[in-house]
Amino acid sequence: MCEEYDLVAGPDPATLAASAPERPAQRGTDPVYAVGIGPGNSEYLTGRARRALGEADVVVGFETVVEFVSEATDADLLTCGYRDEAEALSAFADRVAAGETGVAVLMGDPNHSGYQFVGKVQRAVDAPVRVVPGISSLQVAASHARTPMEDTEFVTLHKSGPIESDLARLRDHVGQRHLLVLPRPFDWMPGDIAADLVEAGADPSLSALVLERLTHDDEAVTRTRLGELASSAGGDGREETPYSDLSVLAVRAEDDAD
């Protein structure tokens, strides 16, 4: 059975997922694969991900994620939202325990803000969980913003639970390193992050890019400055922000040549 989590008091399932390296596969034990499906454009679904989906008997994931891969698999699809997540994972675990091949799907790359779901899958099933990396919108954003990962501080706010330590990392590095941020819909959107950084003393003239729905037909890139972006702060609903919930914020370091 899938346990309940209190992401304020703990335990955070991401901590479980990151608690130890993957162990070598044991003969006769079929793993469950946690597959990154990319940013939603089927051209970014890796060959390894397609093979895992093609071999699956049952696939579990959030409804909006499963929709993107429904044509890539003949498996039974168990979809969920946050409210019925535990129920779906319990049903998935029962199918895996009965000998079926199970795949959990996550948006982008599980290593970029997917560890909470990986941890929940790992807690639910009595089988080793193997992560299949994918292409993240973060990687696409880094290409568009020309922010090499070795010169960049990456923070994901796209998770449940406390984020104060993540915000502190952004404040510490803004203007010194490039920033790549996955916002949290809808209370920590790009404008809210910009306002927090400016309030903490960041240069409002720093170059900022909001990259929305990357790789999709309606992809959009807004090029602005940190201070201008801060004017869109406030609110906690879809109608109270000009930006999509599928956004990446890039803030270039102060040596920006633009």
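Just above sits the structure.
J.: I tried to follow the overall build of the chain on my own but got confused; where do I start?
T.: Scanning the chain for helices and strands turns up nine helices and 10 strands. The C-alpha radius of gyration computed for the chain amounts to 19 Å, which stays within 12% of the reference 18 Å derived for 258 residues, consistent with globular compactness. Burial statistics for the chain: of 258 residues in total, 49% are counted as buried. Element-wise, carbon and sulfur atoms account for 45% of the exposed surface of the chain, whose accessible area totals about 12900 Å². Measuring between centres, the 21 positive side-chain charges of the chain sit 5 Å from its 45 negative side-chain charges.

J.: Can you help me understand helix α5 (residues 115-124) in this one?
T.: Helical geometry: 3.6 residues make up each α-helical turn, so side chains three or four residues apart lie on a common side. Extensive coverage of α5 is indicated by the burial of seven of its 10 residues. When we look at burial in α5, the residues that qualify are Q116, F117, V118, G119, K120, V121 and A124. Where α5 is buried, its residues contact α1 (13-17), β1 (32-36), β2 (58-62), α4 (85-97), β4 (102-106) and β5 (129-132).

J.: I tried to follow the sheet that holds strand β9 (residues 220-225) on my own but got confused; where do I start?
T.: By definition, the strands of a sheet pair up through backbone hydrogen bonds, in either a parallel or an antiparallel sense. Spatial strand order, β6-β7-β10-β8-β9: five strands in an open sheet with mixed pairing. Every other strand in the sheet has two partners, leaving β6 (152-156) and β9 as the edge strands with one partner each. When the angles between neighbouring strand axes are averaged without regard to direction, this sheet yields 15°. With three bridges connecting them, strand β7 (residues 178-182) and strand β10 (residues 247-251) associate as antiparallel partners. Pairing of L179 across the sheet is with V251, part of β10. Most of the contacts of helix α7 (residues 164-173) go to β6, to which it runs at about 160°, and overall it touches β6 and β7.

J.: Looking at this structure, I do not really get the environment of V66. What am I missing?
T.: On the secondary structure map, V66 appears in helix α3 (residues 63-69). Assessed through its relative accessible area of 2%, V66 is described here as buried. Linking V66 and V251, residues 185 residues apart in sequence, is a C-alpha distance of 31 Å. The residues touching V66, leaving out its near neighbours within four places in the chain, are V60, G61, L77, T79 and V105.

J.: Can you walk me through the sheet that holds β2 in this structure?
T.: With parallel pairing, the five strands of this open sheet are ordered in space as β3-β2-β4-β1-β5. Whereas interior strands pair on both sides, the edge strands pair on one side only; in this sheet they are β3 (76-80) and β5. Averaged over neighbouring strand pairs, the angle between their axes works out to 20° when direction is ignored. Against the sheet, helix α2 (residues 47-55) engages β1, β2, β4 and β5, with an angle of about 135° to β1. The strands touched by α5 are β1, β2, β4 and β5; relative to β4, the strand with the most contacts, the crossing angle is about 160°.

J.: Explain a negative patch on the surface to me, please; I cannot follow it from the model alone.
T.: Residues E63, E67, D84 and E87 make up a contiguous surface patch of negative charge. Looking at the secondary structure, you find E67 in helix α3.

J.: Quick question: what am I supposed to make of helix α6 (residues 137-145) here?
T.: Those residues of α6 that sit buried are L138, V140, A141, A142 and A145. Contacts made by the buried residues of α6 are with β6, β7, β8 (207-212) and β10. Its side-chain oxygen at 3.0 Å from the backbone nitrogen of L138, S136 defines the N-terminal cap of α6. Immediately beyond the C-terminal end of α6, within one or two residues, lies R146, with a positive phi of roughly 55°.

J.: Please explain the pairing of β2 as it appears in this structure.
T.: Looking down a regular strand, the side chains alternate between one sheet face and the other. The element β2 is extensively covered by neighbouring structure, given that five of its five residues are classed as buried. Across five bridges, β2 lies against β3 in parallel orientation. By the bridge assignment for β3, F62 is matched with C80. Handedness of the β2-α3-β3 crossover: right-handed. Across three bridges, the pairing between β2 and β4 is parallel. If you follow V58 over to β4, its bridge partner there is G102.

J.: What should I look at first to understand the pattern of salt bridges in this one?
T.: Between side chains of opposite charge, a pair can form when the charged atoms approach closely. Evaluated as defined, the whole model comprises 12 salt bridges. Notably, a salt bridge pairs E153 with R169, separated by 2.8 Å at the nearest N-O pair. Of this pair, E153 sits in strand β6 while R169 sits in helix α7, placing them 16 residues apart in sequence. The class for E153 is buried, based on a relative accessible area of 12%. Of the charged contacts in the structure, one is a salt bridge between D187 and R184, with a shortest N-O distance of 2.8 Å. Overall, the relative accessible area of 17% leaves R184 in the buried class. Shared partners join several salt bridges into a network, and the residues in it are D76, R95 and E100.

Thresholds applied
Along every chain, residues carry numbers that run from 1 in the direction the sequence is written. Given that the model is predicted, a residue must reach a pLDDT of at least 70 before its local features are reported, and side-chain atom pairs must reach 80 or more before they are shown or counted; all residues, however, enter totals for whole chains, interfaces and linings. Excluded from the side-chain calculations are hydrogens and water; all other atoms, namely the structure's heavy atoms, are used. Helix and strand assignments come from DSSP, with helices taken as H or I runs of at least 4 residues and strands as E runs of at least 2, each series counted from the N terminus. Computation of the radius of gyration draws on C-alpha atoms alone. For the globule rule, the value is 2.2 Å times the number of residues to the power 0.38. In this scheme, a residue with accessible area under 20% of its type's maximum is buried, one over 50% is exposed, and one in between is partly exposed, where area comes from a 1.4 Å probe on protein chains only. Surface accessibility follows the Shrake-Rupley procedure with a 1.4 Å probe radius. Residue values consider only the protein chains on display as shielding. Charged residues are defined narrowly, with Lys and Arg counted positive, Asp and Glu counted negative, and His plus the chain ends left uncounted. Charge positions are represented by NZ for Lys, CZ for Arg, CG for Asp and CD for Glu. Whether two residues touch is decided by their heavy atoms; if any such pair falls within 4.5 Å, the residues are in contact. Any two strands with at least two DSSP bridges between them are considered paired. Inter-axis angles, ranging from 0 to 180 degrees, are taken between N-to-C directions of lines fitted to C-alpha atoms, where helices are fitted over the stretch in contact. The patches reported here contain residues having more than 30% relative accessible area and no salt bridge. Joining distances are 9 Å for like charges and 5 Å for nonpolar side chains (Val, Leu, Ile, Met, Phe, Trp, Tyr). The rule for a salt bridge is simple: a side-chain nitrogen of Lys or Arg has to be within 4 Å of a carboxyl oxygen of Asp or Glu. Definition of a polar contact: a pair of N or O atoms within 3.5 Å, with one able to donate and the other able to accept a hydrogen when the atoms are protein atoms, and with sequence-neighbouring residues admitted only if both atoms are side-chain atoms. The path from the first strand over the helix to the second decides the hand: if it runs clockwise while the strands point away from the viewer, the crossover is right-handed.

Read these as geometric descriptors, not functional statements.
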